[in-house]
Amino acid sequence: METPMNPWSSQQTDDIEKLFSLFGIEPIGTVEGILPEVPPFISRGVVVGHRDYRAIAGAIRDGKPFHILTGFMPSGHPHLGHLMVMKEVVWHVRQGGSGYITIADREAHAVREVPWQRCDEFGREYLQCLYALGYEGHTYFQSRNNVLKDLAFEASTRVNFSELQAIYGLSDETSLAHAGSVITQVADILFPQVDSYPAPTIVPVGIDQDPHMRLTRGIAHKLRMFTVEERDGYISVRSKNAPEEALEEVHRRFPGSRKYQGHVDIPRANCAEVSDEARKIEIIHGGYGFYTPSSTYHRFIPGLQGGKMSSSVPESTITFSEPDHVVRGKVMGAFTGGRATLAEQRELGGEPDRCPVFQLNLFHMVDDDSELAEIYRNCKEGELMCGQCKKETADRVLAFIRDFREKMEASAHLVKVE
Ligand code: TRP
Ligand code: SF4
């Protein structure tokens, strides 16, 4: 049974594991053995789940092409909470991925009623942050990308309202533009394969975006001309809506194959090899040849006040344009995993696992694993008090932000609003 999940609600889902098993998301640990180098966002438990990440880990290991795409909705200033997924993108680009960033201005305008000009301003800031982190690759604004819009239209031929209803639980009051922004996101996720070439694509997102992944994976499949299935002793290439010549070509390409009405059976063949050939033939005949996109799911950095980190709650987060004293004030005023009294904390130790200050260090402020482990240990042993810890963290945050601001300025010229 599918429970609608709402990507536009502001609630955080705490019970991640239950959701995972409900929706068939795998724990990320299952791919660690494939990756030549395990990135910090995995080893530190920030990225927790995936769909089909094996295809990406394998591409990284074998030096094969893959795309990495994610998107940002320009409904406010970017802040600390957005950096993690940006780092994940930059890491994948360094591993050989071709990078794509979409600024979801259509979504911001349709769902959050953000005026277009504000979308441009915020979008520009997001891109500046990405470049400050070392991003290299494509960027675009949804509203200005005509190939994307055509792709969204094509994708819309494969969805009906009852499916949207089942996946998103949209109500009768939902505007058509809202549904339009959903199909635009589907097009975003498939766009790299149209803009460059079909290849596995990794889409790092928060768990709230999984409905979009499920919808897109279904549509990617429906837009294929062929499905390739492994049977007992043979591979069956089945036409869904392939032109007759395309199926004929599959038959010719594999001597010894047998052609039937709507499918070609190939005895003793290798499934991966047949899939590759079928894809090539599909593309020659005007098809998309999509690989079903993969995704990773990260947990969110907690807000400084303990709830969600969001630009609509200024105390919960830090943006990159606030004065130093405000930044320091926010860290010093943060919720912690500390005890009611110093004496109690010395005796029982703090609780770093549920402490936003510790999470801030884990996500962004302490790169060195042994230094982070030291903070964790000292907290748990009751040797580190929250006042001291917050002061040290504030110093790190300020150093980080100053440096980051400089980098944002230095990379402003790279931003293109197009
Ligand atoms: N819906 C996403 C958000 O709310 C933004 C987004 C648009 C996106 N297109 C995307 C995310 C494609 C990942 C992939 O933040
Ligand atoms: Fe959090 Fe630091 Fe206090 Fe531990 S000592 S609970 S990590 S603020």
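Computed from a predicted model, the values in this text were never measured in an experiment.

*Asks:* Is there a simple way to explain empty space enclosed by the protein in this structure?
*Replies:* The gaps of empty space that remain are located by a probe, the size of a water molecule, rolled over the atoms. On inspection of all chains with the given rule, the structure shows one cavity of 30 Å³ or more. By volume, the largest cavity amounts to about 110 Å³. Every residue lining the largest cavity is counted, 16 residues in all, and those nearest its centre are C355, C379, L384, C386 and C389. Among the elements of the structure, α15 (356–365), α16 (369–380) and α17 (386–410) are those that each provide at least two residues to the lining of the largest cavity. Per-class residue counts for the lining of the largest cavity are nine nonpolar, five polar and two charged.

*Asks:* Help me understand the pattern of salt bridges, please; the structure alone is not making it clear to me.
*Replies:* Any two side chains of opposite charge can pair, on the condition that their charged atoms come close. Inspection of every chain in the model, using the stated rule, returns 25 salt bridges. Put simply, R54 and E26 hold a salt bridge, and the shortest N to O gap is 2.9 Å. Of this pair, R54 sits in helix α3 (residues 53–62) while E26 sits in strand β1 (residues 26–27); the two residues are 28 residues apart in sequence, bridging distant segments of the chain. For R118, the salt bridge goes to E121, with nearest N and O atoms at 2.6 Å. Within this pair, R118 and its partner E121 are both found in helix α6 (residues 116–132), separated by three residues, close to a single helical turn. With a relative accessible area of 32%, E121 lands in the partly exposed category. Each of R51, D210 and R214 takes part in one network of salt bridges that share partners.

*Asks:* How should I be thinking about the packing of α15 against α16 in this particular structure?
*Replies:* To characterise two packed helices, one gives the angle between the axes of the helices and the distance between these axes. Closest axis-to-axis distance for the α15/α16 pair is 10 Å, and the angle between their directions is 170 degrees. Classified by the interaxial angle, the pair formed by α15 and α16 is roughly antiparallel. Where α15 abuts α16, its residues F358, N361 and L362 lie against L372, I375 and Y376. When its residues are assigned to classes, the contact of α15 with α16 shows five nonpolar, one polar and no charged.

Rules used in this analysis
Residues numbered from 1 in each chain as written. Chains lettered and ligands numbered in written order. Predicted model: local features only at pLDDT ≥ 70, side-chain atom pairs only at ≥ 80, totals over all residues. Heavy atoms only, no water. 1 Å grid on protein atoms, 1.4 Å probe; cavity = no way out; pocket = protein on both sides within 12 Å on 5 of 7 lines; lining within 4 Å. Points joined across faces, edges and corners; volume = space filled by probe spheres on them. Helix = DSSP H or I, 4+ residues; strand = E, 2+ residues; numbered from the N terminus. Nonpolar A, V, L, I, M, F, W, Y, C, P; charged D, E, K, R; others polar. Salt bridge = Lys/Arg side-chain N within 4 Å of Asp/Glu carboxyl O. Buried < 20%, exposed > 50% of the residue type's maximum accessible area, 1.4 Å probe, protein only. Axes fitted to C-alpha atoms, helices over the stretch in contact; angles between N-to-C directions. Parallel < 35°, antiparallel > 145°, perpendicular 65-115°, else oblique. Contact = heavy atoms within 4.5 Å.

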